[in-house]
Amino acid sequence: MPSTMLKNAFRAQKQLFSYADSFFEASGTAVAMVNDGSKKLLAVSGNGAHAFHGKDCDGVRFCELSVQNAKALHALLPFTKPVSHKGHPFTIGLGDRLGIATPGHIKAISGYDAFPVLAQQSIRELTLTGRTFEEVIAAASFGVLQVGYTGGYGADGDHLKTREEIKMALDCGCTMITLDCSNNIDAAIANACDEEIDTLYAALPASVKTHYENNYVGKEFPVIGEISFKQLKRTVLVFYKAITHTVDCFRFIESVKTHDVDFELSVDETLSITTPVEHFVIANELHLHGITPVSVAPHFSGEFEKGIEYVGDLNAFARDYAAHQQIADHFGYKLSLHSGSDKFSVFSAVGRISNCHVHVKTAGTSWLEALRVVARANPSLYRRAHRFALANRAKAEQYYHVSTDSNTIPNIDLESDEYLVEYLSIPASRQTMHITYGILLNEAWFRNAFFACLHTHENDYQAELVRHIGKHLSLLVSGKMKIEA
Ligand code: ZN
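Residues numbered from 1 in each chain as written. Predicted model: local features only at pLDDT ≥ 70, side-chain atom pairs only at ≥ 80, totals over all residues. Heavy atoms only, no water.

1. Brief notes about the overall build of the protein
Phase 1: Each helix and strand counted, the protein has 18 helices and 16 strands in total.
Phase 2: The globule rule puts the C-alpha radius of gyration for 485 residues at 23 Å, and the 24 Å found for the protein is close to it.
Phase 3: Principal-axis analysis of the C-alpha atoms gives the protein an extent of 80 × 60 × 45 Å.
Phase 4: Scored against the burial criterion, the 485 residues of the protein give a buried share of 57%.
Phase 5: Across the protein, the fraction of contacts at a sequence separation of at least 24, relative to all contacts at a separation of at least 6, is 71%.
Phase 6: Accessible surface, the protein as shown: approximately 19700 Å² in total, 52% of it carbon and sulfur.
Phase 7: Distance between charge centroids for the protein: 4 Å, based on 44 positive and 54 negative side chains. (Helix = DSSP H or I, 4+ residues; strand = E, 2+ residues; numbered from the N terminus. Rg over C-alpha atoms; globule rule 2.2 N^0.38 Å. Buried < 20%, exposed > 50% of the residue type's maximum accessible area, 1.4 Å probe, protein only. Contact = heavy atoms within 4.5 Å. Areas by Shrake-Rupley, 256 points an atom, 1.4 Å probe, with all protein chains shown as cover. Lys, Arg positive; Asp, Glu negative; His and termini not counted. Charge placed at Lys NZ, Arg CZ, Asp CG, Glu CD.)

Following this line, the structure appears as structure tokens:
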């Protein structure tokens, strides 16, 4: 029996068998995740072991956590493979730039009726961390096995802009595609005066003008009422190329996909806030083309900066969110809230207005929680990383918009080791560490010591994630419960 063989091998080498929940048997093959002290491996025995690549020892094959072995694992245990989340009302994207946060993320959602998108990375994140979509999915697959989670998870190719990027993400197994239309949105028009709008609109192809005028002028619409010709002209000028691009990409996905795909349209990374009229026209155009996305991410009012609280008027946000929610309800999809990490002040409103029918994306926050572990376990490494991040913050600001002032960060040379963890609660230093992940992880001195520290303190890291992500979830769900009460 393969399971007996595997269990006996573990019994003989007790220190290896670290993850009791990871023990599974299928098709005459037994697998489990093990820890050899410095790294994790997949142990396999039985008929199916030949599908995995590794070193044999006493009838057990010890395998690296590679992309190839993840694919073999998907074939043996389908629950380790990402799937579509269609039909799940409450979904949460849990980006993991390190490839080690999945066990903590799964423990964080336990007890909540939330479907996780455990593999979620943008091209920008992949570039900064030197990873591929396949590696991101492999890391999530082994994380799922480690804690024995069989509830299913998604994989989001986040903020993709072209057919080529979409094709690559689909080929790698992504089950969700988030299309970012910002390259096709003419944001400069938001600042144009009425005369300029008239001139630019007059220059549009006749077919474009006819289509929009026939479908929108003088009509009464649900949720938003009438759209003035003036509003229409502006909306068409800003968005018509993005709408064409979205239809093109959606059709492309339909034509090449070999598995179910959740399609999200994101217009959040644009310069201007999305108005309800703009949102309605975009949604209505997709509807006219027979397209219903699974989710849409408007650019909501206020600032959703990385790693810090929401900045803006909470009442205005709630009104804005409610208007977008009505449009989403009308067309039959969910709103998606990006850069949701640490935006605690808006979650109760989001949960209440959407009745937790929402997709929330968090990313990068798992990196900050990892640094919290490092600050306690290896103070000298944290100090060196902190100084390095400060010195390189300007470089990272090319990729991420941040507003905190690094001059407000207390001098680390004057602080005790016990104080270090506080740096991850100070907005300016938290944001500095948040955006410099790519720069730090590219430094060998940091990278090796950082991963070694987290490997040793794996349980502490999970506890931090359970606390931090749990806070997001409990606030979102608290809004929902207020409706039901
Ligand atoms: Zn976004």
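So much for the structure itself; the text now carries on.
2. Focus on the pattern of salt bridges
Phase 1: Going through the model one piece at a time under the given rule, you end up with 25 salt bridges.
Phase 2: Between E269 and R124 there is a salt bridge; the shortest N-O distance is 3.6 Å. Here the residue E269 occupies a position in the loop between β13 (262-266) and α10 (276-288), and R124 occupies one in helix α4 (residues 123-129), the gap between them amounting to 145 residues.
Phase 3: Judged by relative accessible area, which is 26%, R124 ranks as partly exposed. (Salt bridge = Lys/Arg side-chain N within 4 Å of Asp/Glu carboxyl O.)

3. Some remarks on the coordination of the zinc ion
Phase 1: Here the zinc ion is held by H159 (NE2), D268 (OD) and H338 (ND1), and the distances to it run 2.0 to 2.1 Å.
Phase 2: One chain supplies every donor for the zinc ion, spaced along it as H-x108-D-x69-H. Residue H159 is found in strand β9 (residues 155-160), and its partner D268 is found in the loop between β13 and α10; the two are separated by 109 residues along the sequence.
Phase 3: A residue is classified by how much of its surface remains accessible, and H159, at 11% relative accessible area, is buried.
Phase 4: Under the relative-accessibility criterion, D268 is labelled buried at 14%. (Donors = N, O, S within 2.8 Å, 3.2 Å for Na, K, Ca; no water.)

4. Describing the sheet that holds strand β7 (residues 115-117)
Phase 1: Sheet architecture is open: nine strands sit in the order β7-β6-β16-β15-β14-β13-β10-β9-β8, paired in parallel fashion. The open sheet is flanked by β7 and β8 (119-122), the only strands paired with a single partner. Neighbour to neighbour, the strand axes of the sheet diverge by 20° on average, direction disregarded.
Phase 2: Sheet strands in contact with helix α11 (residues 314-331) are β15 (334-337) and β16 (358-362), and its direction is about 140° off that of β15. (Pairing = 2+ DSSP bridges. Axes fitted to C-alpha atoms, helices over the stretch in contact; angles between N-to-C directions.)

5. Some words on the side chain of H359
Phase 1: With respect to the helices and strands, H359 occurs in strand β16.
Phase 2: Relative accessible area serves as the criterion here: at 0%, H359 is assigned to the buried category.
Phase 3: At 2.7 Å, the side chain of H359 and the side chain of T91 are in polar contact. (Polar contact = N/O pair within 3.5 Å; in protein donor to acceptor, adjacent residues only side chain to side chain.)

6. Here's the deal with the packing of helix α13 (residues 365-377) against helix α14 (residues 379-396)
Phase 1: In the contact formed by α13 and α14, the axes pass within 5 Å of each other and the chain directions differ by 125°. Viewed along their axes, α13 and α14 adopt a mutual orientation that is oblique. Across the interface between the two elements, L371, V374, A375, R376 and A377 from α13 touch P379, L381 and Y382 from α14.
Phase 2: A per-class count over the contact of α13 with α14 returns seven nonpolar, no polar and one charged. (Parallel < 35°, antiparallel > 145°, perpendicular 65-115°, else oblique. Nonpolar A, V, L, I, M, F, W, Y, C, P; charged D, E, K, R; others polar.)

7. Side note on the pairing of strand β3 (residues 40-46)
Phase 1: With six of its seven residues buried, β3 lies for the most part within the structure.
Phase 2: Relative to β3, strand β2 (residues 29-35) is paired through seven bridges, and the arrangement is antiparallel. Residue N35 lies in a different strand from β3, and its bridge partner there is K40.
Phase 3: In textbook terms, the turn of a hairpin is the stretch between consecutive antiparallel strands, and for β2 and β3 this stretch comprises four residues, one of which, G37, has a positive phi near 105°.
Phase 4: Alignment of β3 against strand β5 (residues 60-63), held across three bridges, turns out to be antiparallel. Across the sheet, A43 pairs through a bridge with F62, a residue of β5.

8. Quick word on empty space enclosed by the protein
Phase 1: The full count for this structure, using the stated rule, is three cavities of 30 Å³ or more.
Phase 2: If you add up the space inside the largest cavity, you get close to 210 Å³.
Phase 3: Elements with a minimum of two residues in the lining of the largest cavity: β8, α4, β9 and β16.
Phase 4: Its residues placed into classes, the lining of the largest cavity shows two nonpolar, nine polar and 10 charged. (1 Å grid on protein atoms, 1.4 Å probe; cavity = no way out; pocket = protein on both sides within 12 Å on 5 of 7 lines; lining within 4 Å. Points joined across faces, edges and corners; volume = space filled by probe spheres on them.)

9. Observations regarding the sheet that holds strand β1 (residues 24-26)
Think of a sheet as strands paired side by side through backbone hydrogen bonds, with each pair either parallel or antiparallel.
Phase 1: Ordered in space as β1-β2-β3-β5-β4, the five strands form an open sheet in which the pairing is antiparallel. The sheet is open, and its two edges are formed by β1 and β4 (54-57), each paired on a single side. Sheet twist, expressed as the average angle between the axes of neighbouring strands with direction ignored, equals 25°.
Phase 2: Of the strand pairs in this sheet, β1 and β2 are connected by three bridges, and their pairing is antiparallel. When the sheet's bridge partners are listed, A26 is paired in β2 with T29.

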